[in-house]
Amino acid sequence: MSGNTCGAVFWTDGKRDAPMLPDYPLFGKCPHCGAILWIKQQKEVGELGMWSAGNSDAEKFADAQPALFPTVQDYAGFLKAGMNDKRKERYVRLRAWWAGNDQRREASREMPLDSFEIENLRAFITLLDEANDDDRLTKAEALRELGEFAAAEKLLAAKFAEQMKGAVSFIRDLNQKRITAVQEM
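Overview of the structure. The structure displayed is predicted, hence computed values, not measured ones.

Section: the state of the cysteines
Item 1. Going through the model one piece at a time under the given rule, you end up with zero disulfides.
Item 2. Take Cys 30: it sits in no disulfide, and the sulfur closest to it among the cysteines is that of Cys 33, at 3.6 Å.
Item 3. The exposure class assigned to Cys 30 is buried, which follows from its relative accessible area of 16%.

Written out as structure tokens, the structure is:
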């Protein structure tokens, strides 16, 4: 992992909250009309540099705002329409999982997954490759959050790269304790 992760928080679902290394999603919600869209597919009409405040370029885009992070409901509606690109579907399903868990990260009590979140996680794990260490750990975490502890344990018992052993051990401990909630690592 590169970049300044000072003050970062890492979660069992793979999300990283790092104030010094902000997340720039590929997918967002228009702050003006509420449309859910792929950022790169939007027509670029101009660019504001980091130091543009106060110059004529900044005035041209006075109402410009960054894309918003979609809600779980936004993701559900978007996925309902269907997708034919597995890479994009995987990305959207991961972000939907994180959006659902964001509620849990902020809550002081355990919250069960809703029907969309369960359906989303089940679809998401079919897009993961168990031959890849990262995917296998992600799938084990998803299965743990679904309460499928035996299936998660089977994946966690496999051999992982040395640098992943701490995360594997942490998630395995939660799995053995039958804890389904997303956790800070």
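Regarding the nonpolar core
Item 1. The biggest cluster of nonpolar side chains holds 19 residues, and the ones touching the most others in it are Leu 121, Leu 137, Leu 156 and Val 168.
Item 2. At the level of secondary structure, the elements contributing two or more residues to this core comprise α4 (115-125), α5 (133-145), α6 (149-156) and α7 (165-176).
Item 3. The residues touching Leu 121, leaving out its near neighbours within four places in the chain, are Trp 97, Leu 113, Ala 142, Glu 145 and Leu 146.
Item 4. Counting residues in each nonpolar core, the second largest holds ten residues, with Phe 27, Leu 79, Tyr 91 and Ala 99 among its members.

Brief notes about α4
Item 1. Phe 116, Glu 117, Asn 120, Leu 121, Ala 123, Phe 124 and Ile 125 are the residues of α4 that are buried.
Item 2. Each element contacted by the buried residues of α4 is listed here: α2 (72-80), α3 (86-106) and α5.
Item 3. You can read the cap of α4 off the contacts: a side-chain oxygen lies 3.0 Å from the backbone nitrogen of Phe 116, and it is on Asp 114.

Topic: the packing of aromatic side chains
For any pair of aromatic rings, geometry is given as the distance between the ring centres together with the angle between the planes.
Item 1. Taken as a whole, this structure holds five aromatic pairs when the rule is applied.
Item 2. Measuring from centroid to centroid gives 5.7 Å for Phe 27 and Tyr 75, while their planes differ by 20 degrees, and the two rings are stacked. Placement of Phe 27 in strand β3 (residues 27-29) and of Tyr 75 in helix α2 is noted, with a sequence separation of 48 residues between them.
Item 3. Grouped by ring-pair contacts, the aromatic residues Phe 27, Trp 38, Tyr 75, Phe 78 and Tyr 91 constitute a single cluster.
Item 4. The ring centre of Trp 38 lies 5.1 Å from the NZ or CZ of Lys 88, which sits over that ring.
Item 5. When the ring centre of Trp 11 is taken as origin, the NZ or CZ atom of Arg 105, which lies over that ring, is 5.1 Å away.

Quick notes on the rules
- Numbering of residues begins from 1 in every chain and follows the order in which that chain's sequence is written.
- Residue-level local features of this predicted model are given only where pLDDT is at least 70; pairs of side-chain atoms are given and counted only at 80 or more, and the full residue set underlies all totals for whole chains, interfaces and linings.
- The basis for every side-chain value is the complete set of heavy atoms in the structure, and neither hydrogens nor water enter the calculation.
- For the purposes of this analysis, a disulfide is any pair of cysteine sulfur atoms at a distance within 2.5 Å.
- Working definition: with a 1.4 Å probe on protein chains only, accessible area under 20% of the residue-type maximum means buried, over 50% means exposed, and in between means partly exposed.
- Nine residue types can take part in a nonpolar core, namely buried Ala, Val, Leu, Ile, Met, Phe, Trp, Tyr and Cys, and a core is a set of them joined through side-chain atoms within 4.5 Å.
- To qualify as a helix, a DSSP run of H or I must reach at least 4 residues; to qualify as a strand, a run of E must reach at least 2; elements of each kind are numbered from the N terminus.
- Only heavy atoms matter for contacts: two residues are in contact if any of them lie within 4.5 Å across the pair.
- Within 3.5 Å is the distance limit for a polar contact, defined as a pair of N or O atoms, with the added protein rule that one can donate a hydrogen and the other accept it, and that residues adjacent in sequence qualify only through two side-chain atoms.
- Pairs were defined over the aromatic rings of Phe, Tyr and Trp, the Trp ring being its six-membered one, requiring ring centres within 6.5 Å. Orientation was assigned from the angle between planes: stacked under 30 degrees, edge-to-face over 60, tilted for the rest.
- Each ring is checked for a lysine NZ or an arginine CZ that lies within 6 Å of its centre and within 35 degrees of its normal; such an atom marks a charge sitting over the ring.

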